[in-house]
Amino acid sequence: MAFSSEDAARLIAQGRRDAAIATARAAADGNDPAALLQLAIWLLVGRHLPRDLIAARQFLRRASEAGSVDASHMEIALAANGSGAARDWPGAVALLRAVAATDPVAADQLQLVEQMALGREGMPLRIPTPERLCESPEILRYSGFISPDECRHLAQSAEDLLAPAQVMDPATNRLIEHPIRTSDFAVIGPTREDLVIQAILRRIAVASDTAVEQGEPLNILRYAVGQQYRLHSDALPNVVNQRTKTAILYLNDNFKGGGTLFPDAEVQVAPVAGDLLLFTNTLPNGRPDPVARHAGLPVVQGTKWIATRWIRANPFDVWNPS
């Protein structure tokens, strides 16, 4: 009988975790692709099995060879971003090209990657020249930073993940509606960073003069009519590794309202699809810059899509964010 992740989940819900793991391992010994993928996921998440990125990569390789397309996409992402092994952009592209021969999703991603002007390691060969909107804080706008096809790809990459923004209530330890951000949002974790997304993240790194490893996972946000991100600072309180810069990609502009306002800097930015807004959140001494406070104004008509990347002062471990 083929392995079923649903059956494994039922065993775990019954308190029979060891039985679920044993069932998956037995099926994996028979090269069952679903079992191999399930073991890889448990090892990546660190739930039911201790986190082990190296072992997870091995199970993903076996699952991919056994015919799991989902495992192939995860392996490609992790190969390129260096999870469980050294970053290998050429190897990831080779894997994508092999999967694209039979998988239309991979074929679409490969076509987008091949349209980009990239070096051997996936770094951009050129980026647009920015317009400086403010000196202090530094606010830069890059027109045409990503293409219309790349805008659509980013939005579509999060459609199955989008959920209302929430925050933990310290008084009740329950998730409640986010007090200042009323959008739907999704976080693109390392297993979902396909090569199109990773190439864009490398482009942001060059524009911001930072390393790719300094960025937090990309956030995709969708704002409906009336939704907004009230005045706030992206800098965090009492952290060692501060958010020094913010990158906002505007993914569409067929809506009204929804501008980005820096009231203390007297700057307001009207979204244009494909543009990148890049600004600094901290003072030269590393402390939060109060003038960098900003707001995403309410959407008046239509739906606004953006992608946000917060960039830290030092490398950020996406697998251990705390």
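Residues numbered from 1 in each chain as written. Predicted model: local features only at pLDDT ≥ 70, side-chain atom pairs only at ≥ 80, totals over all residues. Heavy atoms only, no water.

(A) Molecular detail of helix H4 (residues 53-65). Here H4 contains 13 residues, and its C-alpha end-to-end distance of 18 Å stays within 8% of the 18 Å for a straight helix at 1.5 Å per residue. A distance of 3.2 Å separates the backbone nitrogen of Ile-54 from a side-chain oxygen at the start of H4, and that oxygen is part of Asp-52. Taken from the residues just after H4, Gly-67 is the one with a positive phi, measuring 110°. (Helix = DSSP H or I, 4+ residues; strand = E, 2+ residues; numbered from the N terminus. Expected span 1.5 Å × (residues − 1). Polar contact = N/O pair within 3.5 Å; in protein donor to acceptor, adjacent residues only side chain to side chain.)

(B) The packing of aromatic side chains, seen in detail. Taken as a whole and assessed by the stated rule, the structure comprises two aromatic pairs. Ring centres of Tyr-142 and Phe-145 lie 5.6 Å apart, and the angle between their planes is 65°; on these two criteria the pair is classed as edge-to-face. Relative accessible area serves as the criterion here: at 2%, Phe-145 is assigned to the buried category. Seen from their ring centres, Phe-262 and Phe-279 are 4.9 Å apart, and the 80° between their planes marks the pair as edge-to-face. Pair noted here: Phe-262 is in strand S11 (residues 260-262) and Phe-279 is in strand S13 (residues 276-280), with a separation of 17 residues, a long-range link. Phe-279 shares its class with Phe-262; the two are buried. The aromatic ring of Trp-310 is capped on one face by Arg-243, whose charged end is 3.9 Å from the ring centroid. Over the ring of Tyr-223 we find Lys-304, and its NZ or CZ is 4.8 Å from the ring centre. (Phe/Tyr/Trp six-rings, centres within 6.5 Å; stacked < 30°, edge-to-face > 60°. Buried < 20%, exposed > 50% of the residue type's maximum accessible area, 1.4 Å probe, protein only. Lys NZ or Arg CZ within 6 Å of the ring centre and 35° of its normal.)

(C) Inspection of the pattern of salt bridges at higher detail. Considering all chains together, one arrives at 16 salt bridges under this definition. Here Glu-121 makes a salt bridge to Arg-120, at a shortest N to O gap of 3.9 Å. Using a relative accessible area of 65% as the deciding quantity, one classes Arg-120 as exposed. Its salt-bridge partner being Asp-184, residue Arg-222 comes within 2.8 Å of it at the nearest N-O pair. Placement of Arg-222 in strand S7 (residues 218-223) and of Asp-184 in strand S6 (residues 184-188) is noted, with a sequence separation of 38 residues between them. Owing to a relative accessible area of 27%, Arg-222 belongs among the partly exposed residues under this scheme. Through salt bridges that share partners, Arg-61, Glu-65 and Glu-75 make up one connected network. (Salt bridge = Lys/Arg side-chain N within 4 Å of Asp/Glu carboxyl O.)

(D) Summary view of the side chain of Lys-245. Its location among the elements puts Lys-245 in strand S9 (residues 243-250). Despite its burial, Lys-245 remains without a salt bridge, the nearest opposite charge being carried by Glu-138 at 5.0 Å. Here Ser-208 takes part through its backbone oxygen, which lies 2.8 Å from a polar atom of the side chain of Lys-245. Each residue touching Lys-245, except ones within four places of it in the same chain, is listed here: Ser-208, Phe-279, Thr-280, Asn-281, Arg-309, Trp-310 and Ile-311. (Lys, Arg positive; Asp, Glu negative; His and termini not counted. Contact = heavy atoms within 4.5 Å.)

(E) Examining the pairing of S9 more closely. Counting buried positions along S9 yields eight of eight residues, so the element is predominantly enclosed. Bridging between S9 and S13 involves five bridges; their strand directions are antiparallel. From the neighbouring strand, Thr-246 faces S13, where its bridge partner is Phe-279. (Pairing = 2+ DSSP bridges.)

(F) Focus on the pairing of S6. Burial analysis of S6 places four of its five residues in the buried class, which makes it a mostly covered element. By the bridge criterion, two bridges tie strand S3 (residues 163-164) to S6 in an arrangement that is antiparallel. Bridge pairing in S6 places Ala-163 opposite Phe-185. Pairing of S6 with S7 involves five bridges; the strand directions are antiparallel. What sits directly across from Val-187, in S7, is Asn-219.

(G) Structural view of the packing of helix H2 (residues 17-29) against helix H3 (residues 33-45). Between H2 and H3, whose axes approach to 8 Å, the crossing angle comes to 130°. Comparing their axes, H3 and H2 come out oblique. Two packed elements cross with a definite hand, and for H2 against H3 that hand is left-handed. Every residue of H3 that contacts H2 at Ala-20, Ile-21, Ala-24, Arg-25, Ala-27 and Ala-28 is listed here: Ala-35, Leu-36, Leu-39 and Trp-42. (Axes fitted to C-alpha atoms, helices over the stretch in contact; angles between N-to-C directions. Parallel < 35°, antiparallel > 145°, perpendicular 65-115°, else oblique. Left-handed = near helix turned anticlockwise from the far one by under 90°.)

(H) Molecular detail of the sheet that holds strand S8 (residues 229-232). Strand order in the open sheet formed by four strands is S8-S14-S11-S12, and the pairing between neighbours is antiparallel. Every interior strand has two partners, whereas the edge strands, S8 and strand S12 (267-269), have only one. Between one strand axis and the next, the sheet turns through 10° on average, direction left out of account. As paired elements, S11 and strand S14 (residues 294-296) share two bridges and run antiparallel to each other. Each residue of the ladder has a partner; that of Leu-261, found in S14, is Ala-295.

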